[in-house]
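Given next are the chains, with one letter for each unit.
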Amino acid sequence: MNGSMFFTICSFFYCVLLMVIYFSKQRLQLFENKIYVMMMLTNFLVLAIETSTIFLGNNALIIKIFLLLLLLWIIELTLYVYVISNSKEDKKYNRSLKIAGLIYILIAILVICLPLEFENKTGSQYAYGASVSTIFIVSGLCICCCLFFLFRDFKNIKNKKYYPVYVFLGIGALALVVQAINPSLLLASSLETFVTFFMYFTIENPDLKMIEQLNIARDQAEKANQAKSEFLSNMSHEIRTPLNAIVGFSQALAEEEIPDSAKEEVRDIMMASENLLELVNGILDISKIEANKLEIVNTEYKVQDVFDDLIVLTKARIGEKPLEFRTSIDPSIPPYLYGDYMRLKQIVLNFLTNSVKYTKEGYVELKVSSVKKDDICRLIISVEDSGIGIAKDKIDKLFTKFERFDLDKNITIEGTGLGLAITKRLVELMGGKIVVQSVYGKGSKFTVAIDQRIILNPTKIEEKKEQELPQTFDASGMKILIVDDNQINLKVASRLLKDYKADITTASSGMECVELLKTKQFDLIFMDDMMPRMSGVETLEQLKKDSDFSTPVIALTANAISGMREKYIQSGFQDYLSKPIDRKELSRVIAKYRKEEQKQEEEMETL
Ligand code: ADP
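These numbers come from a predicted model, not from an experiment. (Residues numbered from 1 in each chain as written. Predicted model: local features only at pLDDT ≥ 70, side-chain atom pairs only at ≥ 80, totals over all residues. Heavy atoms only, no water.)

Tell me about the overall build of the protein, and name the residues and values.
Helices and strands together make up the secondary structure of the protein, namely 19 helices and 14 strands. Within the protein, the fraction of its 607 residues that count as buried is 46%. Within the protein, contacts between residues separated by at least 24 positions form 71% of all contacts whose residues are at least 6 apart in sequence. Summed over all atoms, the accessible surface of the protein reaches about 32,900 Å², with 59% contributed by carbon and sulfur. (Helix = DSSP H or I, 4+ residues; strand = E, 2+ residues; numbered from the N terminus. Buried < 20%, exposed > 50% of the residue type's maximum accessible area, 1.4 Å probe, protein only. Contact = heavy atoms within 4.5 Å. Areas by Shrake-Rupley, 256 points an atom, 1.4 Å probe, with all protein chains shown as cover.)

The structure is reproduced here in structure tokens:
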């Protein structure tokens, strides 16, 4: 037995082994995988025929079958390369399969009909003649076609990491030349086996393919999720604009002299729009979280202010409900901390709102304690209630978005099922933990632990003004400019500002604002940010080019996310108001920028 025969027998056994491994693995059923299976089987047959000639000897029939199988493998390889290089969305290859089949049949007929001759040289027998030459020519053409496919869709090949195919084709072309020069070398079957084996190890291993497909599926899912988040975020922004009109006008109407029955309806409109606003904010938060765009904005804050606000808000939510609101805030908590207090407030407020919502009578208790280590203070905040409680099997699903339980019992309770999903992700983003304890029918306790840095010498904290501002006050003489491209928004803002008796001017674009300021002076400007052509930020930049410009400018935006205030202040705005405009916030801003003389006048009057 000479060397090449020994190699053929080894290849045959190795091929069988490879097939056993390949077929024993779970694998994908893509079109290219099916072609690879066919290539493996054809290679097996080629090796089987070649091995059989060792024992049975050569004859024309066997050589012709051998040539036909060789041809089949080459056509399969070409089809394989065509499929992997195809970047088109339409992956139906039935037509390609039919064309490849037809080409094979035509060439096969040619190979069968053309003559074949044998040559005995240095002990080894090899075939030549027109039939063999046809295979050579077809192989060369197939390699050219493959290279054409590969270069045509190079990007697709690069993305899918099919580089080894180039190597195989290069080796194939080289072997073809060598075989043409020296026909007695019999390289064909060895080369074919080599390519089939190495395709397995480099690109066709089912495990590798599976991982690759999983990665593709994951990327696609991520892209789809991002598109969805962007859509939700745009949508909630769009909803805010009409909502601004509803909230603004109903707020203004409620303050007017209208019949009692209409007052109640206006109150209902306000309540419904507040719920809608909550929902829109929730969707905005969820979409930001899912797109990994929600940032935690850490600042120094006064702990007392956070809990005072929470207590005021909870008392307002309890209203007339027969609920006792207990609070216990550990006095040893450091007075100043560093963290995202807006988000902290959002987290605790969500627990408190839920407790008020899902408790008919009894109590709601807010408990805050702390554990300190070095400069870190772990805030442990719990909200307990004597409400309806949550069934044990539901606790796991509590933090899944849009999950709401006992809907038959809670039919009258407004909710979205987003609150706790957002809360959990916020707590995770802040590096904290949530624990839920609940007894169905008896009550629930939500505890959250979040680490915050202790601030010993607070620098940037504005002391809160103790006195409460009245709903509206007289700011007559104050010249206010409102800039917004949306006419309804202009109307809403004008209507809300009318109550302060200010002198109001409107501009519906950044350009108009810049023009107006050339001839007129204002005490305060409210500027929408998202305007076509010239945004609020760009308009402000333009205004600031004039060195005499010193009017305070307040940003108005429907993008109500934390971090916005800091962003606008960095861009040169004095403050920020989110839409729908909150009456209290509006009063705060107007009071702050009222002319100093006017304030002094008022103080004199009160003396
Ligand atoms: P929402 O309150 O808007 O429905 P959440 O995500 O805040 O959405 O809460 C999800 C669900 O968990 C609620 O619908 C309610 O069934 C249940 N739940 C939350 N907090 C409590 C609580 N304190 N007591 C009883 N059930 C609660």
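This is not the end of the story, as more comes after the structure.
Talk me through the sheet that holds strand β14 (residues 575-578); I want residue IDs and the actual numbers.
Strands pair in a sheet through their backbones, by hydrogen bonds, and they do so in one of two ways: parallel or antiparallel. Strand order in the open sheet formed by 5 strands is β11-β10-β12-β13-β14, with parallel pairing between adjacent strands. In this open sheet, the two strands that pair with only one neighbour each are β11 (503-507) and β14. Neighbour-to-neighbour, the strand axes of the sheet open up by a mean angle of 20 degrees, direction not taken into account. Against the sheet, helix α15 (residues 510-519) contacts β10 (479-483), β11 and β12 (524-528), and its axis sits at roughly 130 degrees relative to β11. (Pairing = 2+ DSSP bridges. Axes fitted to C-alpha atoms, helices over the stretch in contact; angles between N-to-C directions.)

Can you lay out the nonpolar core for me, pointing to particular residues and giving the numbers?
Ranked by internal contacts, the top residues of the largest apolar core, which has 55 residues, are Tyr 36, Leu 71, Tyr 80, Val 165 and Met 199. At the level of secondary structure, the elements contributing two or more residues to this core comprise α1 (3-24), α2 (31-56), α3 (60-85), α4 (94-113), α5 (130-152), α7 (164-181) and α8 (188-204). Considering each element in turn, this core owes the most residues, 17 residues, to α3. Not counting chain neighbours up to four residues away, the residues in contact with Leu 71 comprise Tyr 104, Ile 107, Ala 108, Ile 135 and Val 138. Leu 379, Ile 395, Ile 422 and Met 430 belong to the second largest nonpolar core, which has 47 residues in total. (Core = buried A, V, L, I, M, F, W, Y, C linked by side-chain atoms within 4.5 Å.)

Residues and numbers for the packing of helix α10 (residues 260-290) against helix α13 (residues 419-429), please.
Contact pair α10 / α13: the axes reach a minimum separation of 10 Å and the direction vectors enclose 40 degrees. One element, α10, and the other, α13, form an angle in the oblique class. Between α10 and α13 the crossing geometry is left-handed. Two secondary-structure elements touch here, α10 through Gly 282, Asp 285, Ile 286, Ile 289 and Glu 290 and α13 through Ala 421, Ile 422 and Arg 425. Taken together, the residues of the contact of α10 with α13 sort by class into 4 nonpolar, 1 polar and 3 charged. (Parallel < 35°, antiparallel > 145°, perpendicular 65-115°, else oblique. Left-handed = near helix turned anticlockwise from the far one by under 90°. Nonpolar A, V, L, I, M, F, W, Y, C, P; charged D, E, K, R; others polar.)

Outline the pattern of salt bridges, listing residues and values.
A full pass over the atoms with the stated rule returns 16 salt bridges. Measuring nitrogen to oxygen at the nearest pair gives 3.3 Å for the salt bridge that ties Arg 326 to Glu 324. Owing to a relative accessible area of 31%, Arg 326 belongs among the partly exposed residues under this scheme. Its salt-bridge partner being Asp 484, residue Lys 579 comes within 3.2 Å of it at the nearest N-O pair. Of this pair, Lys 579 sits in the loop between β14 and α18 (583-593) while Asp 484 sits in the loop between β10 and α14 (487-498), and the two are 95 residues apart along the sequence. Pair check on accessibility: Lys 579 and Asp 484 agree, each one buried. Linked through salt bridges whose partners overlap, the residues forming this network are Glu 256, Arg 495, Asp 499 and Arg 583. (Salt bridge = Lys/Arg side-chain N within 4 Å of Asp/Glu carboxyl O.)

Talk me through the site of the ligand; I want residue IDs and the actual numbers.
Within the structure, the ligand sits among 21 residues, and Asn 354, Tyr 358, Arg 404, Thr 416 and Leu 420 are positioned closest to it. A distance of 2.8 Å separates an oxygen atom of the ligand from a polar side-chain atom of Tyr 358. Summarising the interface, the protein chains cover 98% of the accessible area of the ligand, which totals 530 Å² for the free molecule. Elements with a minimum of two residues in the shell around the ligand: α12 (341-357), α13 and β9 (443-454). Looking at the shell around the ligand, the element that brings in the most residues is α12, giving 4 residues. Taken together, the residues of the shell around the ligand break down into 8 nonpolar, 9 polar and 4 charged. (Near = heavy atom within 4 Å. Polar contact = N/O pair within 3.5 Å; in protein donor to acceptor, adjacent residues only side chain to side chain.)

Before we move on, can you summarise the packing of helix α9 (residues 206-254) against α14 with the specific residues and values?
Two numbers describe how α9 lies on α14: the axes approach to 9 Å, and their chain directions differ by 25 degrees. Judged on the interaxial angle alone, α14 and α9 are roughly parallel. Handedness of the crossing formed by α9 with α14: left-handed. Side by side, α9 and α14 meet where Thr 241, Asn 244, Ala 245, Gly 248, Phe 249, Gln 251 and Ala 252 of the first sit next to Ile 488, Asn 489, Lys 491, Val 492, Arg 495 and Leu 496 of the second. Here the residues of the contact of α9 with α14 sort into 6 nonpolar, 5 polar and 2 charged.

Which residues make up the packing of aromatic side chains, and what values go with them?
Geometrically, a pair of aromatic rings is defined through the distance of the ring centres and the angle of the planes. Under the defined criterion, the tally for this structure stands at 18 aromatic pairs. An angle of 25 degrees between the planes, with centres 5.4 Å apart, marks the rings of Phe 12 and Phe 44 as stacked. Here the residue Phe 12 occupies a position in helix α1, and Phe 44 occupies one in helix α2, the gap between them amounting to 32 residues. Owing to a relative accessible area of 17%, Phe 12 belongs among the buried residues under this scheme. Taking 6.5 Å as the distance between ring centres and 65 degrees as the angle between the ring planes, the aromatic pair formed by Phe 198 and Phe 201 counts as edge-to-face. Here Phe 198 and its partner Phe 201 are both found in helix α8, 3 residues apart, which amounts to about one turn of the helix. Classification of Phe 198 by relative accessible area gives partly exposed; the value is 38%. Taking the relative accessible area as the measure of exposure, Phe 201 reaches 43% and is therefore partly exposed. Chaining the aromatic ring pairs together yields one cluster made of Tyr 22, Phe 23, Tyr 36, Phe 194, Phe 198, Tyr 200 and Phe 201. It is Arg 326 that lies over the ring of Tyr 363; its NZ or CZ is 4.0 Å from the centre. (Phe/Tyr/Trp six-rings, centres within 6.5 Å; stacked < 30°, edge-to-face > 60°. Lys NZ or Arg CZ within 6 Å of the ring centre and 35° of its normal.)

I'd like to hear about the side chain of Lys 579, residue by residue, with values.
A residue is classified by how much of its surface remains accessible, and Lys 579, at 5% relative accessible area, is buried. Of the polar contacts made by the side chain of Lys 579, one reaches the side chain of Asp 528; its length is 3.2 Å.

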